[in-house]
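Next come the chains, spelled out residue by residue.
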Protein chains: 2
Amino acid sequence: MTDSTKAVEYVRSNGKRFLDELKEFVAIPSVSTLDEHKPDVRRAADWVATQLRSIKMKKVMIMPTKGHPVVYGEWLGAGKSAPTVMIYGHYDVQPVDPIQLWKSDPFKPVARGEYLFARGASDMKGQVVASIKAVEAIMRTEGKLPVNIKWLVEGEEEIGSEHLDEFIKKNKKLLACDFCLNPDAGMIAADKPTITTGLRGLAYFELYVYGPDKDLHSGLFGGTIHNPAQALIELIAGMHDKNGKITLPGFYDNVRKLSKKEHEDFKRLPTSNKELIQMTGVPALWGEPKFIPAERVGARPTLEVNGLLSGFTGQGSKTVLPAWAMAKISCRLVPDQTPEETEKQLRAYLKEHAPKTIKWKLTNLHNAGAALTNTESAGVKALSKALETVWGKRPYFKREGGSIGSVVLLQKYVGADSLLTGFGLPDDNVHSPNERLHLPTWYKGIEAFTRFFYNF
Amino acid sequence: MTDSTKAVEYVRSNGKRFLDELKEFVAIPSVSTLDEHKPDVRRAADWVATQLRSIKMKKVMIMPTKGHPVVYGEWLGAGKSAPTVMIYGHYDVQPVDPIQLWKSDPFKPVARGEYLFARGASDMKGQVVASIKAVEAIMRTEGKLPVNIKWLVEGEEEIGSEHLDEFIKKNKKLLACDFCLNPDAGMIAADKPTITTGLRGLAYFELYVYGPDKDLHSGLFGGTIHNPAQALIELIAGMHDKNGKITLPGFYDNVRKLSKKEHEDFKRLPTSNKELIQMTGVPALWGEPKFIPAERVGARPTLEVNGLLSGFTGQGSKTVLPAWAMAKISCRLVPDQTPEETEKQLRAYLKEHAPKTIKWKLTNLHNAGAALTNTESAGVKALSKALETVWGKRPYFKREGGSIGSVVLLQKYVGADSLLTGFGLPDDNVHSPNERLHLPTWYKGIEAFTRFFYNF
């Protein structure tokens, strides 16, 4: 079983049917956030289960959670010496509003030019079908796979994978695997196959500063009472130094340094400063001058103000000296920082710098660990080789600045790294009207996944 | 006419009737902010006009504004060599909510112990009646006054003297006077007659900092985009130095230094740090260490954050990098600062310190000049002598940290200083349930005002 020739031929000669089946799948309006679509969400789960059964997967089950169910399936016939690969996907989609901006019905898929237009075509029903069809190609031509596989296709990714934590925790034995193939991360351009090797973690806080018992008249008390908004501002301003470096004690101690090779990989990424400025509308970029923007987003931690509230915020003027001020503050973390350490550092900073003229309260609202995939692992090598074979060039290695629920949870409970990749493009309009899938890239993707399984 | 004996005797023998008339006045629910009380507000104006006519004032008129009317009256029979004193008052009152906390009906005045309980008893119908009764005592006993007087009794003080600017501007000839007696400022304690000699001015701004076109995902962009909330915080934090000094260029250049005598007057005031802490509930006081709290509030300028708003402020966590951040910022000003200069200084600071990574917009929402009454003026001397005669001690000179509409407007259009005094006490519950007037102090006040007119 070292030759993918037959399976790849199968992929190439069944493209039209694959597309018809994808059209069936995206026609199901499985919008997980809307109650009225609950039956549709279930239908989408059924559709995935039927597909898995049709390609001879075993133990195919629609497993309940407190929310939408998880579709599971497995094929473990490759034996103990072969790796076990989990394939992650989600069958739910985003809402379609504003519906009037769609050029065609989001749930009546239509091909125009090289694209298939439909909600979920790119994010990520197209990716789920690509995975299934790659496995189908091998099963139908060989009757078996070079590796063991397990499927985890959830229905709540678009609503924050709300019940996935409990599900994975409860089923960690069933889900045991060597690593996870997660095609939800997309690529940076149609001619640039991409593997995402890192995700930043998160530690999210709410900081309250309390001054007087109630709002005071700024004329009658201003000058004798430390304004809590002013105190909050002083505390937060001090969390960065003049060069934009974060001043929490020990904050950078566990930040893993970039190797020369990692730096070269970042430099190879095509994102230009000009593009970033155009995309965001800012007058100029900002950040640590020693790192390029892709590194600052992918491999450097941040401390960000997500929200501010104090005193009078309506129209006009009210001369209030506010009783309290609140900030939402979060840190994006990188290996080997942890949210727990970050909280300690933030508390230490506040204890050291908070003046005696106010009281403060810090609440930790959300934590997620950072993730980094070893680029020398068998999984990354296999995927890298498959992508290079199909695209004719070495894939691009990037890191995402955000967090992905399943990646963190699989690391936490199953100890499995995720191979983040996919065939969605930056201009696929995911989460927006007129979502689309670039079909030539999708077909290449199915072929790449087919080859991937042979690269172990 | 140099002897106040007869008039003072009249005051002493008519106390009960004065109180009955005050009860009539406070029984009128002239709540200026509530539409349903519009007829009551008008009745209160009528009541004042009737009183003025009954003591032989001339040209008594209820003069319309776009809101509630102003009651005017005059007696100019003292001749050109005598000073012309304006007497300011307001006949409107605050709402009574929360009504359930009142021990008796706010508009059914009742005397308990040494106090009269009713809305408006202290703020300031009691003070208006005190002024009227002092003049009545002189007119009824002498048939004439030692000075010329003009009355300006407005009906919108409790709603920000909204139409007083236009009224005084339009009638500045009619209102021409040497100075204004304004008994709306109260005293610091029943045994401490008080003259308020200064008010701080105000320059109120709204500062917006703009970053990206729309809210961004803090994971995908954090580290490359200057967070506008962070930028706003950095700008505002820089407006004070480590010692709490304001850093706007030239901010203190025109701040008039306190004379040794002024400093002594401030030190004589009884406000203790402990009381201020108890009153406000702060853990500790704050401010410029070189000045005592009364000076910091009365004679030193401030820069205060009145409101903050940016990004996500609801419950829980949302990892947004906000598109904008807003602060309401105001400066309390002291002589000889002006709001116009302050705006220039704030703009100069922002131009110098705003980074190129953001855009900003500053809007000036409200301006008011500072006021300082010359303590060597004939008016202050006359009032000071009258208070000393009645209380047996030199009055206390204080400055208020806030601004009073009529004081600023009379200075601006008529060129007249205000003599701020009054017989309300700090524990009169003004603007609160169970407002009350300390009757022994009130009777002393009527006598002091009677004597005041003879001290020129």
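Structure shown above.
Residues numbered from 1 in each chain as written. Chains lettered and ligands numbered in written order. Predicted model: local features only at pLDDT ≥ 70, side-chain atom pairs only at ≥ 80, totals over all residues.

### Quick notes on the overall build of chain A
For the record, the criterion: Helix and strand assignments follow DSSP, with helices taken as H or I runs no shorter than four residues and strands as E runs no shorter than two, numbered in order from the N terminus. Atoms considered for the radius of gyration are the C-alpha atoms alone. The globule rule reads 2.2 Å times the number of residues to the power 0.38. Each residue is classed by its C-beta neighbour count within 10 Å, where at least 20 other C-beta atoms makes it buried, 12 or fewer makes it exposed, and intermediate counts make it partly exposed; the C-beta atoms are placed from backbone geometry. Here the contact rule is simple: place C-beta atoms from the backbone, and any two residues whose C-beta atoms are within 7 Å are in contact.
Looking only at helices and strands, one finds 14 helices and 18 strands in chain A. Taken against the 2.2 N^0.38 rule, which gives 23 Å for 456 residues, the C-alpha radius of gyration of chain A at 25 Å falls within 12% of a compact globule. Viewed in the frame of its principal axes, chain A has a C-alpha envelope of about 85 × 50 × 45 Å. A buried classification covers 53% of the 456 residues belonging to chain A. Counting only contacts in chain A whose residues sit at least 6 apart along the sequence, the fraction spanning at least 24 positions is 79%.

### A few points about helix α11 (residues 339-353) of chain A
All names here are of chain A. Let me state the cut-off plainly: One less than the residue count of a helix, multiplied by 1.5 Å, gives the span that helix is expected to have. This arc is built from the directions going out from the helix axis to the C-beta atoms.
With 15 residues, α11 ought to run about 21 Å at 1.5 Å a step, and its terminal C-alpha atoms sit 21 Å apart, in line with that. Among all positions of α11, only Pro339, Thr342, Gln345, Leu346 and Tyr349 are buried. Summarising the axial view, the buried residues of α11 lie within an arc of 115°, below the 170-degree limit, and thus occupy one face. Exposed and facing more than 90 degrees away from the buried side of α11 are Glu340, Lys351 and Glu352. Those residues of α11 that are buried are in contact with β9 (201-210), β13 (324-333) and β14 (359-368).

### Let's talk about the nonpolar core
As a reminder, the rule being used: Definition of nonpolar core: a set of buried Ala, Val, Leu, Ile, Met, Phe, Trp, Tyr and Cys residues joined via C-beta atoms within 7 Å.
Val48(A), Met86(A) and Val48(B) are the most contacted members of the largest nonpolar core, which has 245 residues in total. In this view, Val48(A) contacts Val71(A), Tyr91(A), Val128(A) and Val153(A); residues no more than four positions away in its chain are not counted.

### Some points on the sheet that holds strand β5 (residues 115-117) of chain B
Residues and elements named next belong to chain B. Defined as follows: One requirement defines pairing of two strands: DSSP has to find at least two bridges between them. To define axes, lines are fitted to C-alpha atoms, for helices over the stretch in contact only, and angles between the resulting N-to-C directions are given on a 0 to 180 degree scale.
Within the open sheet, the three strands sit side by side as β4-β5-β18. Their pairing is antiparallel. Here the strands that pair on one side only, and so sit at the sheet edges, are β4 (110-112) and β18 (436-438). Here the strands of the sheet are splayed against their neighbours by 25° on average, with no regard to which way each runs. Pairing of β5 with β18 involves three bridges; the strand directions are antiparallel. Among the inter-strand pairings, leucine 116 is bridged to a residue of β18, identified as leucine 437. Strands β5 and β18 of the sheet are contacted by helix α4 (residues 121-142), whose axis makes an angle of about 55° with β18. Sheet strands touched by helix α14 (residues 439-452): β5 and β18. Its angle to β18, the strand with the most contacts, is close to 60°.

### Some details on the interface of chain A and chain B
Taken together, the 67 residues of chain A in the interface contact 67 residues of chain B. With nine residues, the top contributor of residues to the side of chain A that touches chain B is strand β11 (residues 302-311) of chain A. Sheet topology note: the β11(A)/strand β11 (residues 302-311) of chain B ladder contains five bridges and is antiparallel. By the bridge assignment for β11(B), Gly311(A) is matched with Gly307(B).

### Remarks on the environment of Gly244(A)
Residues and elements named next belong to chain A. Positionally, glycine 244 belongs in the loop between α7 (228-237) and α8 (260-268). Look at glycine 244 and you get partly exposed, because 16 C-beta atoms sit within 10 Å. Sequence separation between glycine 244 and leucine 303 is 59 residues, and the spatial gap between their C-alpha atoms is 9.8 Å. Residues contacting glycine 244, with those up to four places away along its chain left out, are Gly287 and Glu288.

### A few points about the sheet that holds strand β18 (residues 436-438) of chain A
Residue and element names in this part refer to chain A. If you trace the three strands from one edge of the open sheet to the other, you get β4-β5-β18, paired in antiparallel fashion. At either end of the open sheet lies a strand with only one pairing partner, and these are β4 (110-112) and β18. Taken over all neighbouring pairs, the strand axes of this sheet differ in orientation by 25° on average, direction set aside. Judged from the three bridges that link them, β4 and strand β5 (residues 115-117) form a sheet pairing that is antiparallel. Within β5, the position partnered with arginine 112 by the bridge is tyrosine 115. The strands that helix α4 (residues 121-142) touches are β5 and β18; relative to β18, the one it contacts most, it runs at about 55°. Sitting on the sheet, helix α14 (residues 439-452) is in contact with β5 and β18, with an inclination near 60° to β18.

### A word on the relation of the copies chain A and chain B
Both copies of the chain are tied together by a single rotation about an axis and a shift running along it. The following threshold applies: Here the copies are matched by least squares. The fit uses the C-alpha atoms of residues with pLDDT of at least 70 in both.
Overlaying chain A on chain B yields an RMSD of 0.1 Å, the required transformation being a rotation through 180° with an accompanying axial translation of 0.1 Å. Here the two chains are linked by the operation of a two-fold rotation axis. Of every C-alpha in chain A, the one belonging to Leu309(A) sits nearest the axis of rotation, 2.3 Å from it. A shared interface surface links the copies, since 100% of the contact residues of chain A are contact residues in chain B too.

The quantities given are spatial measurements derived from coordinates; they are silent on function.
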